[in-house]
Amino acid sequence: MSLLGWFMPAHAQQDSSLALQTSTADETPTFDVIEIPGLIDEIIADFIEDSIARAEADGSGGVVLQVNSRGHVVSDERLTEVAQAIADSVVPVYAWVGPSGASAQGGAAQLVAATDELSVAVGARFGNTGELIFPEFLSDQFLQVADALENGTVDEDTVVEQGLAHRDSPTLLFFMLDLPGFASTVDNSGEEPVRVPDSQVRFSKLPLIDGWVHGLASPAMAYLLFLIGAALLIFEFYTAGVGIAGAIGAGCFVVGCYGFDVLPARNWAIALLVVAMFGYAIDVQVGVPRVWSWIATICLIAGSLFLYDGMAISWITLLVGIIGIALSMISGMPSMIRTRFGTPTIGREWMVGMMAEATEDIKKEGIVSVDGAPWRARVNRTTPISAGDQVRIVAIEGLYLEIEPETGGARDYREM
């Protein structure tokens, strides 16, 4: 088997096995590669512990954590429990920070340093560890350079120079070939000798649902889903009935709130985002931007910039969130709502004096039908209007029709 055929990406479902070409597969141990993407949350913490326990039960030759993480959002106590599981593991636990462009920072970097052996891919970074959480599980070599790594990162060459890694490991294959107990043979059939792995390898990643939940709770996704959900709910509020926009908006809003609960989001910054959406909603009602739109935009910018404690959202995400919401609320949504409630009548002033039909019971505000088109309306009378009653349009204010009952109104518009 060629090296290309062996080195497949870690996208197999959990517990799936990639059989390698070997004549002694039953005599060599199986190694497990566990993909650790994104921030270490409760889902990832459980996944690491469960993977180690499963490897012990299966008699694995070792567990390799393939890490690409910028930190942790679980408590320090919970992260210490994961480090304890690594330290107490019967099978060796290794860590490889990769592929190129990956990084291990914060609590994730400390967790990597607690394994039996670590290595960093070409173009990957390691460091920004912050204050040590569980120094009792860290190697002497790491403790000697911990101060230098507290607020900075290093590349693969520096990791080797500082004694944190024993060798260069540009790819996962190179790293695993020299692990203790990993079997390989030399293939001399080509122009140059090539080491071919004999040990089997199982690549595992989060189950489907856990993977979705973990991905949706990332800082950028939680931020965008919260804003999108709130915007869709406002749009649905100013339209008739409960439709697709409302259902999608509610789902996005709930997932965004879940992400904020998991992530280190500042409560006062979330409150600013809520005020921003409330301010936009006020001016959406009248259809033109006023002072509330300026207040909302300021709150949106401040809440977005300071949303997370110790985490930064990329400038692209911020631009999408701030500019997208501001434009949609100031210009796009009022236009969509006017179109949604548009009627074939040319000039809305001609609607004054027309008859409409209440499509629902109206005490203060509700929906009426004008020539088959739904409109939001409100009545200033204490007598409620029942569904099916005929009402007369007496004035138009913004997107609302002012209505009165067909009989008993303060003024008769039938002759207008």
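Computed from a predicted model, the values in this text were never measured in an experiment.

Undergrad: Explain the overall build of the protein chain here, please?
TA: A count of helices and strands for the protein chain gives 13 helices and 15 strands. When each of the 416 residues of the protein chain is scored for burial, the buried share is 46%.

Undergrad: Hey, could you run me through unusual backbone geometry in this one?
TA: Residues Gly98 and Pro99 are joined by a peptide bond in cis, for which omega reads 5°. Turning to its location among the elements, Pro99 is positioned in the loop between strand S3 (93-97) and strand S4 (103-105).

Undergrad: Explain the sheet that holds strand S5 (residues 117-120) to me, please; I cannot follow it from the model alone.
TA: By way of backbone hydrogen bonds, the strands of a sheet pair with one another, either parallel or antiparallel. Judged by pairing direction, the sheet is parallel, and its 5 strands sit side by side in the order S5-S3-S2-S1-S10 without closing on themselves. Two strands in the sheet have a free side with no partner beyond their single neighbour: S5 and strand S10 (200-204). Across this sheet, the average inter-strand angle for adjacent strands is 20°, counted without regard to direction.

Undergrad: How do you make sense of the environment of Asn151 when you look at a structure like this?
TA: In this structure, Asn151 sits in the loop between helix H5 (140-149) and strand S7 (153-154). A relative accessible area of 69% means that Asn151 is categorised as exposed. Distance in space between the C-alpha atoms of Asn151 and Gly130 is 6.3 Å, their sequence separation being 21 residues.

Undergrad: Just checking my understanding: could you explain the pattern of salt bridges for this structure?
TA: If the charged atoms of two oppositely charged side chains come close together, the side chains can form a pair. Scanning all chains against the criterion turns up 13 salt bridges. Two residues, Arg78 and Glu49, come together in a salt bridge whose shortest N-O distance is 2.9 Å. With Arg78 in helix H3 (residues 76-88) and Glu49 in helix H2 (residues 42-58), the pair connects residues that are 29 residues apart, well separated along the chain. The partly exposed category is assigned to Glu49, whose relative accessible area is 22%.

Undergrad: Sorry, what's going on with the packing of H2 against H3 here?
TA: Running from N to C, H2 and H3 cross one another at 15°; their axes reach a closest spacing of 10 Å. Taken together, the axes of H2 and H3 lie roughly parallel to each other. Handedness of the crossing formed by H2 with H3: left-handed. In contact with Glu42, Ala45, Asp46, Ile48, Glu49, Ile52 and Glu56 of H2, H3 contributes Arg78, Glu81, Val82, Ala85, Ile86 and Asp88. Among the residues forming the contact of H2 with H3, the class breakdown is 6 nonpolar, no polar and 7 charged.

Undergrad: Got a minute to help me understand the environment of Asp389 in this structure?
TA: Mapping Asp389 onto the fold places it in the loop between strand S13 (373-379) and strand S14 (390-397). The exposure class assigned to Asp389 is partly exposed, which follows from its relative accessible area of 33%. Separated by 32 residues in the primary sequence, Asp389 and Glu357 have C-alpha atoms spaced 5.7 Å apart. Dropping the residues within four chain positions of it, Asp389 is found in contact with Ala356, Glu357 and Ala358.

Undergrad: What exactly am I supposed to notice about the sheet that holds strand S12 (residues 365-370) here?
TA: Strand order in the closed barrel formed by 5 strands is S11-S12-S13-S15-S14, and the pairing between neighbours is mixed. When strand polarity is set aside, the average angle formed by the axes of neighbouring strands in this sheet is 55°.

Undergrad: Please clarify how the side chain of Ser103 should be interpreted in this entry.
TA: Tracing the chain through its elements places Ser103 in strand S4. Among the polar contacts listed, one links the side chain of Ser103 to the side chain of Gln105, at a separation of 3.4 Å.

Undergrad: Quick question: what am I supposed to make of a negative patch on the surface here?
TA: A cluster of acidic side chains, namely Glu357, Glu360, Asp361 and Asp389, defines a negative patch on the protein surface. Mapping Glu357 onto the fold places it in strand S11 (residues 355-358). The class for Glu357 is partly exposed, based on a relative accessible area of 38%.

Undergrad: Mind showing me how you'd approach the pairing of strand S8 (residues 184-187) here?
TA: Each regular strand displays side chains that alternate between the two surfaces of the sheet. Both S8 and strand S9 (residues 194-197) contribute to a ladder of 4 bridges, which runs antiparallel. Along S9, the bridge assignment pairs Thr185 with Val196. Hairpin connection of S8 to S9: 6 residues between the antiparallel strands.

Undergrad: Got a minute to help me understand the confidence of the model for the protein chain in this structure?
TA: As a note on interpretation, predicted positions should not be read in detail where pLDDT is low. The predicted model of the protein chain has a mean per-residue pLDDT of 84, with 86% of residues at 70 or higher. Predicted confidence for residues 412-416 stays below pLDDT 50, and this span has 7 contacts to residues more than four positions away or in other chains.

The rules behind the values
- Residues numbered from 1 in each chain as written.
- Predicted model: local features only at pLDDT ≥ 70, side-chain atom pairs only at ≥ 80, totals over all residues.
- Heavy atoms only, no water.
- Helix = DSSP H or I, 4+ residues; strand = E, 2+ residues; numbered from the N terminus.
- Buried < 20%, exposed > 50% of the residue type's maximum accessible area, 1.4 Å probe, protein only.
- Pairing = 2+ DSSP bridges.
- Axes fitted to C-alpha atoms, helices over the stretch in contact; angles between N-to-C directions.
- Salt bridge = Lys/Arg side-chain N within 4 Å of Asp/Glu carboxyl O.
- Parallel < 35°, antiparallel > 145°, perpendicular 65-115°, else oblique.
- Left-handed = near helix turned anticlockwise from the far one by under 90°.
- Contact = heavy atoms within 4.5 Å.
- Nonpolar A, V, L, I, M, F, W, Y, C, P; charged D, E, K, R; others polar.
- Polar contact = N/O pair within 3.5 Å; in protein donor to acceptor, adjacent residues only side chain to side chain.
- Patch = residues over 30% accessible without salt bridge, like charges linked within 9 Å, V, L, I, M, F, W, Y side chains within 5 Å.
- Areas by Shrake-Rupley, 256 points an atom, 1.4 Å probe, with all protein chains shown as cover.
- Lys, Arg positive; Asp, Glu negative; His and termini not counted.
- Charge placed at Lys NZ, Arg CZ, Asp CG, Glu CD.
- pLDDT = per-residue confidence, 0-100.

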